[in-house]
Amino acid sequence: MATGEKFDKQGKSLTCTYCGNKTFFTRETLLNTAGMTFLNLDWANQTAENYICEKCGYIMWFLPMPKF
Ligand SMILES: [Zn+2]
């Protein structure tokens, strides 16, 4: 069975906002789905990072931020 890992985001250790756990699985999700196109996002067709809490399954999403 795969084991979750700890991650740092912007100098802070990633923590589940729901249960406070600090180990996650990661995956990437393509954002060019039909549901996203109506939002007309600049980051459509890019990938979002998903961090899935190893303990409770809560998914945190990180979008690649467009440069303003
Ligand atoms: Zn959790």
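Keep in mind that this is a model prediction, so the values were computed, not measured.

Engineer: If you had to explain the overall build of the protein to someone new, which residues and values would you point to?
Structural biologist: Secondary structure assignment for the protein yields one helix and five strands. Seen in sequence order, the protein has helices and strands lined up from the N terminus as β-β-β-α-β-β.

Engineer: I'd like to hear about the confidence of the model for the protein, residue by residue, with values.
Structural biologist: For the protein, the average pLDDT comes to 83, and 74% of its residues sit at 70 or higher. For the protein, helix α1 (residues 34-37) is the element with the lowest average pLDDT, namely 56, and strand β2 (residues 12-13) is the one with the highest, namely 94.

Engineer: An account of the pairing of strand β5 (residues 59-62) is needed here, citing residue identities and associated values.
Structural biologist: For strand β4 (residues 47-53) and β5, the ladder comprises four bridges, and the chain directions are antiparallel. What sits directly across from Tyr51, in β5, is Met60.

Engineer: Please give an account of unusual backbone geometry that cites residues and values.
Structural biologist: If you check the backbone angles, Gln10 has positive phi at about 55° while not being a glycine. One can find Gln10 in the loop between β1 (8-9) and β2.

Engineer: Outline the nonpolar core, supporting the account with residue identities and numerical values.
Structural biologist: In terms of nonpolar packing, the biggest core is built from five residues, these being Leu14, Cys16, Phe24, Tyr51 and Cys53. Once residues within four sequence positions are removed from consideration, Phe24 is found in contact with Gly4, Glu5, Phe7, Leu14, Tyr51, Ile52, Cys53 and Glu54.

Parameters and conventions
- Residues numbered from 1 in each chain as written.
- Predicted model: local features only at pLDDT ≥ 70, side-chain atom pairs only at ≥ 80, totals over all residues.
- Helix = DSSP H or I, 4+ residues; strand = E, 2+ residues; numbered from the N terminus.
- pLDDT = per-residue confidence, 0-100.
- Pairing = 2+ DSSP bridges.
- Core = buried A, V, L, I, M, F, W, Y, C linked by C-beta atoms within 7 Å.
- Buried ≥ 20, exposed ≤ 12 C-beta atoms within 10 Å, placed from the backbone.
- Contact = placed C-beta atoms within 7 Å.

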